[in-house]
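Observations on the model geometry
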Amino acid sequence: NENVTVGKACFLISNVTTGPEALQRIISTLANKNDEIQNFIDTLNHTLKGVQENSSNILSELDEEFDSLYSILDEVKESMINCIKQEQARKSQELQSQISQCNNALENSEELLEFATRSLDIKEPEEFSKAARQIKDRYVTMASAFRLSLKPKVSDNMTHLMVDFSQERQMLQTLKFLPVPKAPEIDPVECLVADNSVTVAWRMLEEDNKIDHFILEHRKTNFDGLPRVKDERCWEIIDNIKGTEYTLSGLKFDSKYMNFRVRACNKAVAGEYSDPVTLETKALNFNLDNSSSHLNLKVEDTCVEWDPTGGKGQESKMKGKENKVTNFLKLFIWLSKEFLIHFEAMPSDIFLFIYMTFTFCLLP
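Named according to an unreviewed UniProt entry, the chain is Fibronectin type-III domain-containing protein originating from Colobus angolensis palliatus.

Shown next, in the form of structure tokens:
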């Protein structure tokens, strides 16, 4: 179209000598073209401003996300440092305690050794015996010191607090921008239309743990198959669906079909729509049951009439009573035959009991 417009302008300019009307057309064409260019420049400037603002917002969000990561890393680092310091303090305390006990034992032992060495130079028997007894008593007193364990209670090994963040480092190196979610797939087999409600079920063809929610759109139509561009109603939107199934209730099935489509959304962007699915919204068909209706109702399919005489009820009662009498008579005859077979004769009192029982059961 632009080439046609430019060509038309050049053609008019080449024929400017034809008169003022041609010149007016040239001026009008140039003015329109200038307006188009100016509008396009305004659109570009608006887009450029949007790019700058959106980039600034995205950079701010990126800084916040990384600051959050840094904060978590700092907290984990501080916690690990505290664990190392606590382990260091525990082992140092154990070793200091052992060193103190050993120093005391060594000091007492050196004093006793020095005293025993001097006692060897004593010439007087009594003095020597006295010194020997003192050495013996002090030696017995120091027995606990000689039972001290000469093995450190703790080792200098701190390898149990070493770390290896190679896997986490690889995970951090895979950080990237959020991908656009793939289109879900509506499963018509799992969808249900019943009782003025529609349950729509869908699934993701590929697992995506970045999905935050789904958007379901629907509209009524009288055409089967894919939605048509013309003569279609606007899509109605249901947002922030957390699961992969949704039930629309309280619908009025005033159209023969309903179109559905769904899209997945993550924190940043919504993905493509699923392929639209058309579900048939059949009206609820029913018939009245004559056998279970009231006795005074005369029912035929969807037509109901009041029968004050209760003809249906009387007819039903008579039929029921006839069937009841027939069944009891058959049972009575069978029992009589069984008694005759086994006892050759039925006692009168038993016959009377059976007869009275059946008569009582047949009373209305």
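Details of the nonpolar core
Among the nonpolar cores identified, the biggest contains 18 residues, and Ile 186, Val 198, Val 200, Trp 202, Phe 214, Leu 216 and Phe 260 are the most heavily contacted of them. Elements represented by at least two residues in this core include exactly strand E3 (197-203), strand E4 (213-221), strand E5 (236-241), strand E7 (257-265) and strand E8 (277-280). With near-sequence residues (within four places) excluded, Trp 202 lies in contact with Pro 184, Glu 185, Ile 186, Asp 187, Phe 214, Ile 241, Gly 243, Thr 244, Glu 245, Tyr 246 and Val 262.

Some points on the pattern of salt bridges
Taken as a whole and assessed by the stated rule, the structure comprises 9 salt bridges. Its salt-bridge partner being Glu 185, residue Arg 203 comes within 2.7 Å of it at the nearest N-O pair. One end of the pair, Arg 203, is in strand E3; the other, Glu 185, is in strand E1 (residues 185-186), and 18 residues separate them in sequence. Assessed through its relative accessible area of 40%, Arg 203 is described here as partly exposed. The partner of Asp 187 in a salt bridge is Arg 203, with the nearest N and O atoms 3.1 Å apart. In this pair, Asp 187 is assigned in the loop between E1 and strand E2 (192-194) and Arg 203 in strand E3, connecting sequence segments 16 residues apart. Owing to a relative accessible area of 17%, Asp 187 belongs among the buried residues under this scheme. Each of Glu 185, Asp 187 and Arg 203 takes part in a single network of salt bridges with overlapping partners.

Observations regarding the packing of helix H2 (residues 20-119) against helix H3 (residues 125-141)
Between H2 and H3, the least distance of the axes is 10 Å, while the angle of their chain directions is 165 degrees. Relative to H3, the element H2 lies roughly antiparallel. In this structure, H2 meets H3 at a crossing whose hand is left-handed. For the pair H2 and H3, the contacting residues are Asn 108, Glu 111, Leu 112, Phe 115, Ala 116 and Ser 119 in the first and Phe 128, Ala 131, Gln 134, Ile 135, Arg 138 and Tyr 139 in the second. Considering only residue class, the contact of H2 with H3 consists of 7 nonpolar, 3 polar and 2 charged.

Observations concerning the sheet that holds E4
Read from one edge to the other, the open sheet built from 4 strands follows the order E5-E4-E7-E8, with strand pairing classed as antiparallel. In this open sheet, the two strands that pair with only one neighbour each are E5 and E8. Put simply, the sheet's adjacent strands are angled 25 degrees from each other on average, direction ignored. Alignment of E4 against E5, held across 4 bridges, turns out to be antiparallel. Pairing of Phe 214 across the sheet is with Ile 241, part of E5.

Cut-offs and rules
Residues numbered from 1 in each chain as written. Predicted model: local features only at pLDDT ≥ 70, side-chain atom pairs only at ≥ 80, totals over all residues. Heavy atoms only, no water. Core = buried A, V, L, I, M, F, W, Y, C linked by side-chain atoms within 4.5 Å. Buried < 20%, exposed > 50% of the residue type's maximum accessible area, 1.4 Å probe, protein only. Helix = DSSP H or I, 4+ residues; strand = E, 2+ residues; numbered from the N terminus. Contact = heavy atoms within 4.5 Å. Salt bridge = Lys/Arg side-chain N within 4 Å of Asp/Glu carboxyl O. Axes fitted to C-alpha atoms, helices over the stretch in contact; angles between N-to-C directions. Parallel < 35°, antiparallel > 145°, perpendicular 65-115°, else oblique. Left-handed = near helix turned anticlockwise from the far one by under 90°. Nonpolar A, V, L, I, M, F, W, Y, C, P; charged D, E, K, R; others polar. Pairing = 2+ DSSP bridges.

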